[in-house]
Amino acid sequence: MNKVNQQILIIGLGKFGTSVAEQLANYDCEVMAIDNSYETVDAVAQYVTKAVKVDAVDANALREIGVNNFDVVILGIGDNIESSIMIAL
């Protein structure tokens with residue numbers, strides 16, 4: 001990564017999202033990881049700055065965590081295309 005101290009939001013902590021979170025732990029980035037499962041949030045909490053259980057389909061919940069304040073948002077939801085589209089919108 002060229003820019004340090006980026007604020008990155010990872011939405012979805014399946015295999016892809018968790019792998020990205022683990023890799024970003026090696027860089028000087030602030031990473032928030034969210035998922036709708038407490039288990040996955042707890043599993044990735046050791047790698048990221050903050051891990052929170054959030055229903056990302058809920059636009060109000062995303063606003064509450066400050067989705068617009070992040071430099072990068074990684075959308076890692078691959079098993080539900082409808083949810084991915086709604087979150088991206």
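Please refer to the structure placed before this passage.
Being a predicted model, the structure only gives us computed values, none of them experimental.

Let's talk about the layout of surface pockets
1) Next: Considering only enclosed or pocket space, the largest pocket measures out at about 270 Å³ in volume.
2) Next: Elements supplying a minimum of two residues to the lining of the largest pocket: α3 (59-64), β4 (72-75) and α4 (81-88).
3) Next: A class-by-class count of the residues in the lining of the largest pocket yields 12 nonpolar, one polar and one charged.
4) Next: By volume, the second largest pocket amounts to about 190 Å³.
5) Next: Taken together, 14 residues form the lining of the second largest pocket, with Asp35, Asn36, Val57, Ile77 and Ile87 sitting closest to its centre.

A closer look at the environment of Glu82
1) Next: Note that Glu82 resides in helix α4.
2) Next: For the pair Glu82 and Lys53, spaced 29 residues apart in sequence, the C-alpha to C-alpha distance is 20 Å.

As for α4
1) Next: Looking only at α4, the buried set comprises Ser83, Ser84 and Ile87. What you see down the axis of α4 is that its buried residues fit within an arc of 100°, all on one side. In α4, those exposed residues whose orientation departs by more than 90 degrees from the buried face are Ile81, Glu82 and Met86.
2) Next: Among the structural elements, β1 (7-11), α3 and β4 are those in contact with the buried residues of α4.

Observations concerning a nonpolar patch on the surface
1) Next: A surface patch of nonpolar side chains, about 550 Å² in accessible area, is lined by Val57, Ile81, Ile85, Met86 and Leu89.
2) Next: Its location among the elements puts Val57 in the loop between β3 (50-53) and α3.
3) Next: Residue classification places Val57 among the partly exposed residues on the basis of a relative accessible area of 44%.

What counts and how
Residues numbered from 1 in each chain as written. Predicted model: local features only at pLDDT ≥ 70, side-chain atom pairs only at ≥ 80, totals over all residues. Heavy atoms only, no water. 1 Å grid on protein atoms, 1.4 Å probe; cavity = no way out; pocket = protein on both sides within 12 Å on 5 of 7 lines; lining within 4 Å. Points joined across faces, edges and corners; volume = space filled by probe spheres on them. Helix = DSSP H or I, 4+ residues; strand = E, 2+ residues; numbered from the N terminus. Nonpolar A, V, L, I, M, F, W, Y, C, P; charged D, E, K, R; others polar. Buried < 20%, exposed > 50% of the residue type's maximum accessible area, 1.4 Å probe, protein only. Arc of directions from axis to C-beta. Contact = heavy atoms within 4.5 Å. Patch = residues over 30% accessible without salt bridge, like charges linked within 9 Å, V, L, I, M, F, W, Y side chains within 5 Å. Areas by Shrake-Rupley, 256 points an atom, 1.4 Å probe, with all protein chains shown as cover. Salt bridge = Lys/Arg side-chain N within 4 Å of Asp/Glu carboxyl O.

Don't take any of this as a statement about function, it's just geometry.
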